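Chain by chain, the residues:
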Amino acid sequence: MATVTFDHVTKKYAADVTAVDDLQLEIEDGEFLVLVGPSGCGKTTALRCVAGLEDITAGRLLIGDRVVNHVPSKDRNIAMVFQSYALYPHMTVYDNLAFGLKLLKTDKQEIKRRVQEAARVLDLERLLDRKPKALSGGQRQRVALGRAIVREPAAFLMDEPLSNLDAKLRVQTRAEILRLQQRLGVTTIYVTHDQVEAMTMGERIAVMSNGVLQQVGPPPVLYDNPVNVFVAAFIGSPAMNFATAKAEDGGLRFGTSRLELGGKPAQVAEHRQGKDLVIGFRPEDLQLDGQGGSNAIHLTAKVDVVEYLGHEELLHAQAEGTEILALVPSDKKVRMGDEVKFAVLYDKLHLFDPETEERVV
């Protein structure tokens, strides 16, 4: 096991194409860190740099206290699990698990011990004589994980390993990976574009956009205190609502409505008198029927779509020409066409600078 450190790492493919831009990040020994972001944000490139599959343009990459910029992939003591299972179809599960160790000329008895241990941990013991075509998608993914485990590496690198699974199996395998990582205690870097995976799996999450690290921290920190509009919009499902309003006498002018403010939001509005602000609030923080009293902003909206989700309903509504989403209990019995009053508590309200998109409250 070891730490993994990105020390001002930059990866360029051409003079004008920067995939990873001055990345500074340290993954602690035994930590499960998730790199998350949209397609093309640089998360997979960063992972491939750790694996030795991409050369670094600038900066240093350390595994433990060893700089590995020019160390071949096979000598980095890491194991990678890809989106595709990449199993050898003509080999049994046992031979697939053992193949990497055979290439390293590991002793046969040691290979047998490691394969049997990995099979026991992943519940593959009864499948060792089968070939990949006789396995389900979840079983194939467990074999791919097992191939990494037998290496007994300093770090696991996982590149969207659940993308090929259906929704139910994805949830199940997600839990298996977490239990496995906690049991083995191996440093793990997990790449995904799915923020739900990131929120449920990561001890810390590193959010990337256009090759730049936006924010890193535990899931609750990113959810409650996003540093900018990008992180606020990316973390959370359904996504955060945004609207533009003008600061006015310690409150906000939102279309024809006056939003009264208190606490820190009021102080910001007072300081930015006459200037625009981007207000953000999460669908689950919208309360119906004017709840929240004097400690909340109040919005009137007209509901045009209701999505029934069982114990909750997702409301699509229009407020001052802006569409907002609200996640409310289904026992409220809201219907299409209803005019409703929403409240958002001041401590659930986020304010951003419209020019820099950075959070001010």
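Above this text you will find the structure in question.
All residue numbers here refer to positions counted from 1 along the written sequence of the relevant chain. Local features in this predicted model are restricted to residues of pLDDT 70 or higher, and side-chain atom pairs are both shown and tallied only at a pLDDT of 80 or more, whereas totals for entire chains, interfaces and linings draw on every residue. Here the side-chain values reflect all heavy atoms present in the structure, with hydrogen atoms and water set aside.

Chemist: What is the right way to look at the nonpolar core in this model?
Modeler: Nonpolar side chains tend to gather and get buried jointly when the protein is soluble and globular. By nonpolar core we mean a set of buried residues, namely Ala, Val, Leu, Ile, Met, Phe, Trp, Tyr and Cys, connected to one another through side-chain atoms within 4.5 Å. Each residue is assigned to one of three classes by its accessible area relative to the maximum for its type, calculated with a 1.4 Å probe on protein chains only: buried under 20%, partly exposed between the two thresholds, exposed over 50%. Core analysis: the largest hydrophobic core is formed by 43 residues, its most contacted members being Ile177 and Tyr190. Think of it this way: any DSSP run of H or I at least four residues long counts as a helix, any run of E at least two long counts as a strand, and we number them from the N terminus. With five residues, helix H4 (residues 137–149) is the largest single contributor of residues to this core. Excluding residues within four positions of it along the chain, Tyr190 makes contact with Phe32, Leu33, Val34, Leu35, Met158, Pro161, Leu162, Ile177, Glu197 and Met201. Core analysis: the next-biggest nonpolar cluster, separate from the first, contains 33 residues, Leu286, Leu288, Ile324 and Ala326 among them. It only takes one pair of heavy atoms within 4.5 Å for two residues to be counted as in contact.

Chemist: What exactly am I supposed to notice about the side chain of Glu160 here?
Modeler: Positionally, Glu160 belongs in the loop between strand S7 (155–159) and helix H5 (167–184). Lys43 is the oppositely charged side chain nearest to the buried, salt-bridge-free Glu160, at an N-O distance of 4.3 Å. In protein, a polar contact requires one atom able to donate a hydrogen and another able to accept it; more generally it is a pair of N or O atoms within 3.5 Å, and residues adjacent in sequence count only if both atoms are side-chain atoms. Side chain to side chain, Glu160 and His193 meet in a polar contact 2.8 Å long. When charges are tallied, Lys and Arg are placed among the positive residues and Asp and Glu among the negative ones, while His and the ends of the chain are skipped. For this document, the term salt bridge refers to a Lys or Arg side-chain nitrogen within 4 Å of an Asp or Glu carboxyl oxygen.

Chemist: Even after reading the chapter, I still don't get the side chain of Gln139, so can you show me in this structure?
Modeler: Along the chain, the position of Gln139 falls in helix H4. Those residues in contact with Gln139 that lie beyond four places of it in its chain are Leu124, Arg126, Leu127 and Ala134.

Chemist: Where do I start with the environment of Arg282 in this structure?
Modeler: Relative to the elements of secondary structure, Arg282 occurs in the loop between strand S14 (276–281) and strand S15 (287–288). Residue classification places Arg282 among the buried residues on the basis of a relative accessible area of 1%. A C-alpha to C-alpha distance of 25 Å links Arg282 and Leu33, two positions 249 residues apart in sequence. Setting aside residues no more than four positions away along its own chain, Arg282 makes contact with Leu222, Tyr223, Ala232, Ile235, Gly236, Met240 and Asn241. Within the structure, the side chain of Arg282 is placed 3.1 Å from the backbone oxygen of Tyr223, a separation counted as a polar contact.

Chemist: Explain unusual backbone geometry here, please?
Modeler: What is expected of a backbone is that most residues other than glycine have negative phi and most peptide bonds are trans. With omega at 0 degrees, the peptide bond leading from Ser237 into Pro238 counts as cis. Take Pro238: it is sitting in the loop between helix H8 (229–234) and strand S11 (241–248). Phi at Asn77 takes a positive value of approximately 60 degrees, unusual for a residue other than glycine. Within the secondary structure, Asn77 is located in the loop between strand S5 (66–67) and strand S6 (78–81). In this structure, Lys105 takes a positive phi of about 60 degrees despite not being glycine. Tracing the sequence through the fold places Lys105 in the loop between helix H2 (93–103) and helix H3 (108–121).

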